[in-house]
Amino acid sequence: SLVLLTGFVTAPAVAQPLAPPPSEAAHVAAGFANVFYVPGKALTCAGTAVLWVGILFITFGALYEDATHIVAGGCGGKWTVQGRDLEPALRAAAP
């Protein structure tokens, strides 16, 4: 049993170097992106919720799993953009 237990014990992960904090430009860009992203995400979520109700109504609830996946695609994930999300793109675009 000790051999089985040691098979599940893994070596400690190597510490990854910390990424530098996002720049002020990344935070400003994220703020501007959120002006469009958050309302767009809300409209997408509301639209998929309407589809969910429609699918359940038309199929009498038979396709509830498929309808749930549609709503999860529209309402799931991140709802805001942060500076750390944009920093890699800003670094790649810098001359």
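Computed from a predicted model, the values in this text were never measured in an experiment.

Here is what the cut-offs are and how they apply
Residues numbered from 1 in each chain as written. Predicted model: local features only at pLDDT ≥ 70, side-chain atom pairs only at ≥ 80, totals over all residues. Heavy atoms only, no water. Helix = DSSP H or I, 4+ residues; strand = E, 2+ residues; numbered from the N terminus. Buried < 20%, exposed > 50% of the residue type's maximum accessible area, 1.4 Å probe, protein only. Contact = heavy atoms within 4.5 Å. Areas by Shrake-Rupley, 256 points an atom, 1.4 Å probe, with all protein chains shown as cover. Expected span 1.5 Å × (residues − 1). Arc of directions from axis to C-beta. Axes fitted to C-alpha atoms, helices over the stretch in contact; angles between N-to-C directions. Parallel < 35°, antiparallel > 145°, perpendicular 65-115°, else oblique. Left-handed = near helix turned anticlockwise from the far one by under 90°. Nonpolar A, V, L, I, M, F, W, Y, C, P; charged D, E, K, R; others polar. Salt bridge = Lys/Arg side-chain N within 4 Å of Asp/Glu carboxyl O. Phe/Tyr/Trp six-rings, centres within 6.5 Å; stacked < 30°, edge-to-face > 60°. Lys NZ or Arg CZ within 6 Å of the ring centre and 35° of its normal. pLDDT = per-residue confidence, 0-100.

Asks: Please explain the overall build of the protein as it appears in this structure.
Replies: The helix and strand inventory of the protein stands at four helices and zero strands. Listing every helix and strand of the protein by position from the N terminus yields α-α-α-α. Counting only residues that meet the buried cut, the protein has 13% of its 95 residues in that class. Considering only intrachain contacts with a sequence separation of at least 6, the fraction spanning at least 24 residues in the protein is 73%. Summed over its atoms, the accessible surface of the protein is roughly 7400 Å², and 75% of this surface lies on carbon and sulfur atoms.

Asks: Help me understand helix α3 (residues 64-75), please; the structure alone is not making it clear to me.
Replies: Since the α-helix turns once every 3.6 residues, residues separated by three or four places project in the same direction. Here α3 spans 16 Å end to end across 12 residues, near enough to the 16 Å set by a 1.5 Å rise per residue. A67, V71 and G74 are the residues of α3 that are buried. Axial view of α3: buried residues confined to an arc of 65°, hence all on one face. Those residues of α3 that are exposed and aimed more than 90 degrees away from the buried face are H69 and G73. Contacts made by the buried residues of α3 are with α2 (24-58).

Asks: I'm lost on the packing of α2 against helix α4 (residues 83-93) in this one. Help?
Replies: Two numbers describe a pair of packed helices, the interaxial angle and the distance between the axes. Where α2 contacts α4, the two axes come as close as 8 Å, and the packing angle between them is 115°. Regarding the angle of α2 to α4, the classification is roughly perpendicular. Crossing geometry of α2 relative to α4 is assigned as right-handed. Along its contact with α2, which presents A25, A26, H27, A29 and A30, the element α4 presents G83, L86, E87 and L90. Looking at the contact of α2 with α4 residue by residue, the class counts come to six nonpolar, two polar and one charged.

Asks: Mind showing me how you'd approach the pattern of salt bridges here?
Replies: Any two side chains of opposite charge can pair, on the condition that their charged atoms come close. Inspection of the entire model under this criterion finds one salt bridge. For the salt bridge of D85 with K78, the shortest nitrogen-to-oxygen distance reads 2.5 Å.

Asks: Before we go on, may I ask you to explain the packing of aromatic side chains in this structure?
Replies: Describing an aromatic ring pair means giving the distance of the ring centres and the angle of the ring planes. If you walk through the whole model with that rule in mind, you get zero aromatic pairs. Of note, K41 hangs over the ring of W79, and the distance from its end group to the ring centre comes to 5.9 Å.

Asks: Hey, could you run me through the confidence of the model for the protein in this one?
Replies: Low-pLDDT stretches of the model should not have their predicted coordinates read in fine detail. With 82% of its residues at a pLDDT of 70 or more, the protein shows a mean pLDDT of 82. When the elements of the protein are averaged for pLDDT, helix α1 (residues 2-8) gives the smallest value, 51, and α2 the largest, 91.

Asks: Quick question: what am I supposed to make of the packing of α2 against α3 here?
Replies: Here α2 crosses α3 at 175°, and the two axes come no closer than 8 Å. One element, α2, and the other, α3, form an angle in the roughly antiparallel class. Residues K41, T44, C45, T48, A49, L51, W52, I55 and L56 of α2 form the contact with α3, whose participating residues are Y64, A67, T68, I70, V71, G74 and C75. Here the residues of the contact of α2 with α3 are counted per class, giving 11 nonpolar, four polar and one charged.

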